[in-house]
Each structure stands twice: as C-alpha cells, then as structure tokens.
Amino acid sequence: MTRLVSTVKGIGRLEDDGEVVALLHLDAADLGAALQAGLDIASISTAEVRERVPAAQAQLIAPIPRPSKIWAVGFAYADHRYEVGYTGAAQEPVIFLKAPSSVIGTGGRIRFPKAAPDEVDYEGELAVVIGRRATDVSATDAYSFVAGFTICNDVSARDVQKGRVPGRAADVTAAKSFDTFTPMGPALATLDEFDDPDDLHLRTWVDGELRQDARTSQLIHPVPALVSYLSRQTTLEPGDVIATGTPSGVGHKRGQFLRSGVEVRIEIENIGALVNTCA
Ligand code: MG
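About the thresholds
Residues numbered from 1 in each chain as written. Predicted model: local features only at pLDDT ≥ 70, side-chain atom pairs only at ≥ 80, totals over all residues. Heavy atoms only, no water. Donors = N, O, S within 2.8 Å, 3.2 Å for Na, K, Ca; no water. Helix = DSSP H or I, 4+ residues; strand = E, 2+ residues; numbered from the N terminus. Buried < 20%, exposed > 50% of the residue type's maximum accessible area, 1.4 Å probe, protein only. Contact = heavy atoms within 4.5 Å. Salt bridge = Lys/Arg side-chain N within 4 Å of Asp/Glu carboxyl O. Pairing = 2+ DSSP bridges. Core = buried A, V, L, I, M, F, W, Y, C linked by side-chain atoms within 4.5 Å.

**Comments concerning the coordination of the magnesium ion**
Within the protein, E123 (OE), E125 (OE) and D154 (OD) serve as the donor atoms for the magnesium ion, at 2.0 to 2.1 Å. Between consecutive donors of the magnesium ion, the numbers of intervening residues give the motif E-x1-E-x28-D. Taken as a pair, E123 in the loop between β10 (120-121) and β11 (124-130) and D154 in the loop between β12 (146-153) and β13 (156-157) lie far apart in primary sequence, 31 residues in all. Among the residues examined, E123 registers a relative accessible area of 6% and is labelled buried. According to the relative accessible area criterion, D154 is buried, its value standing at 0%.

**Thoughts on the environment of G272**
Within the secondary structure, G272 sits in strand β19 (residues 272-278). For G272, the contacting residues outside a window of four places in its chain are R3, I151, P186, I266 and E267.

**Some details on the pattern of salt bridges**
In this structure the tally under the stated criterion is 18 salt bridges. The closest approach of N and O atoms between R13 and E15, which form a salt bridge, is 4.0 Å. The exposure class assigned to R13 is buried, which follows from its relative accessible area of 17%. Assessed through its relative accessible area of 17%, E15 is described here as buried. Each of K98, D121, E123, D154, R158 and K176 takes part in a single network of salt bridges with overlapping partners.

**Thoughts on the pairing of β11**
For β11, the tally of buried residues reaches 7 of 7 residues, placing the bulk of the element in the interior. Burial of β11 is two-sided: the residues G124, L126, V128 and I130 facing one way and the residues E125, A127 and V129 facing the other way are all buried. Across 7 bridges, the pairing between β11 and β12 is antiparallel. Residue G124 lies in a different strand from β12, and its bridge partner there is N153. Pairing analysis gives 3 bridges linking β11 to strand β17 (residues 241-243), with the strands arranged antiparallel.

**Here's the deal with the pairing of strand β3 (residues 20-24)**
For β3, the buried fraction is high: 5 of the 5 residues fall into the buried class. Of the two faces of β3, both are covered, the one formed by V20, A22 and L24 as well as the one formed by V21 and L23. Between strand β2 (residues 10-15) and β3, which follow one another and run antiparallel, lie 4 residues, and D16 among them has a positive phi close to 50°. Here 5 bridges tie β3 to strand β4 (residues 49-54), and the two strands are oriented antiparallel to one another. Within the sheet, the bridge partner assigned to A22 lies in β4 and is R52.

**Points about the sheet that holds strand β16 (residues 209-215)**
Strand order in the open sheet formed by 5 strands is β9-β19-β18-β15-β16, with mixed pairing between adjacent strands. Both outer strands of the open sheet, β9 (109-110) and β16, are each paired with one neighbouring strand and no more. Sheet topology note: the strand β18 (residues 263-268)/β19 ladder contains 6 bridges and is antiparallel. The residue of β19 that forms the bridge with E263 is T277.

**Brief notes about the nonpolar core**
One finds F149, V227, L236, I242, L258 and I271 to be the most contacted residues of the largest nonpolar core, which totals 46 residues. The set of elements that each furnish at least two residues to this core consists of β6 (70-74), β11, β12, β15 (201-206), α6 (223-231), β18 and β19. Examining the composition of this core, we find that 4 residues originate from one element, α6, more than from any other. Beyond its immediate sequence surroundings of up to four residues, I242 is in contact with W71, V73, L126, A127, V128, I130, V227, L230 and L236.

Next comes the structure, spelled out in structure tokens:
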C-alpha cells in the first residue's frame, strides 16, 4: 500500500494513515522528475527513508508538477453527457489537451483569469499517471504502463469554452489551460492501493456542499481503454497525466460558478482529498 507525494523538500511516502511523510533518498526533485528520468514506480516506492516529517509540515506540491502533457476526456460519464445536453451515441472518447503550466498542488489557490473571471467551474476527476513509455498498447496491457492514480480538478472557464467572451473564439483548450486551472494531488497512489482500480468512489464538495458523487465504474471508457486509445495517437511518456473526465454535478448547469473564497474539495477513496480555495 503506497501513496507517494512530491514536497518542496523532495519525494515522500505517506505513513501512519497519511499523518507522516517519509522523505526518500532519490535523486529527483519531484515524482514527475523521477518518472521522467526513467525511475520505475516500484523502485521509487521502496526507496530508503532519509527523514520523517509530520504531514502538516511537509508542504506538498502537485505529484507531477510539470507533466509533458495532460490529456483530458470530455463527456466521460453518461450522466454528465446527459447533464450538458450531449445526445450523440457514446462511441469514441472526446479528447483535448490542457497546458502543463496550469498545474498547482493541493492547498494552492485557483485564480480567476483577467480575460474570463465570471464563469470559472470545477470538475472532479480521477487522473492517471503514466509510468512507462506507451506506444500502441492494448487495453489488456495498459495498466502495466500506469504508475498510479491521483486526483485532478479540471477547472474550466465556461464562457471561453462556449465562446461567450467578446473577442475570443470558443476554445476548450484555452478554457481549461489558464494558470492554476489544474489542481492535482494530494498523492499518487500506486495501483496496489486498490481492490478494484476500475471502481473508485469520487466525490466533490463546494464549501461543504456535496456536488458530485459517482463511481469510476460509471466511466464510459474505462482507464485501460483510455490509455490504449491515447497511446495510439501519441506516445505516452513517463509522468504524463490523463484526466479521465467528470461525472454530473458541475456548477455551470445550475448557474453556480466559483467565487473568491470558495473551497473545492475532491476525494477519491484510497488517494486522499484535493483541496483548493479560489483567490
Ligand atoms: Mg474534465
């Protein structure tokens, strides 16, 4: 059972139910750098401990602070497709990219972009972290290329996404790539954390109000299918992240957008809680 974190003092392993961070002897600044340098997740997980610190003092950053790419999936849950009025038959995945520079860690502030501050929305999602280079892999083999899971918030400026900002065309990538728009964390949980990696409980709260409550078994395209599909369009590299899509309960369908001071909390079983406040 291993949950790994990136901190300002290097890579750590959570111990004592997450109360303690055991900092590891690894020659890499963070988990992303370690994976990108070719270390495999098993050797990262079992590295020697150099220091133990209370988790409250550990200053977590995003597990993968600068992935080489972040793929994201749209209309990934049937109830969310219905919620946003997408009536086409569920066939191939709907895919887009997010800018790696949009990543922040748990506790980081989500900032409203000057270009589009009014319709910023959350999307709680399971995120897959790639552990080994994957090109044209099958769904059957896909999990052997995965380092583990984390949580991400696919923050989205709906007015940019829908083309409601004067002088800006509708643009999904721009809507989801503003600085701070990909909170990620708190930990990377290796696959042995999960009895069934394809059936995890995901919940999102906004200021304590439960907004999203789903299981990843409801994904139209399960994780192995997504990894296989994406590996056939680009090589997936160590540290790449796949945001697998969000269930129903996003804010814009109820006309409730994020405002300054609001807290978004996303929990997935055995990974932890990703908590971010809007600045
Ligand atoms: Mg999304």
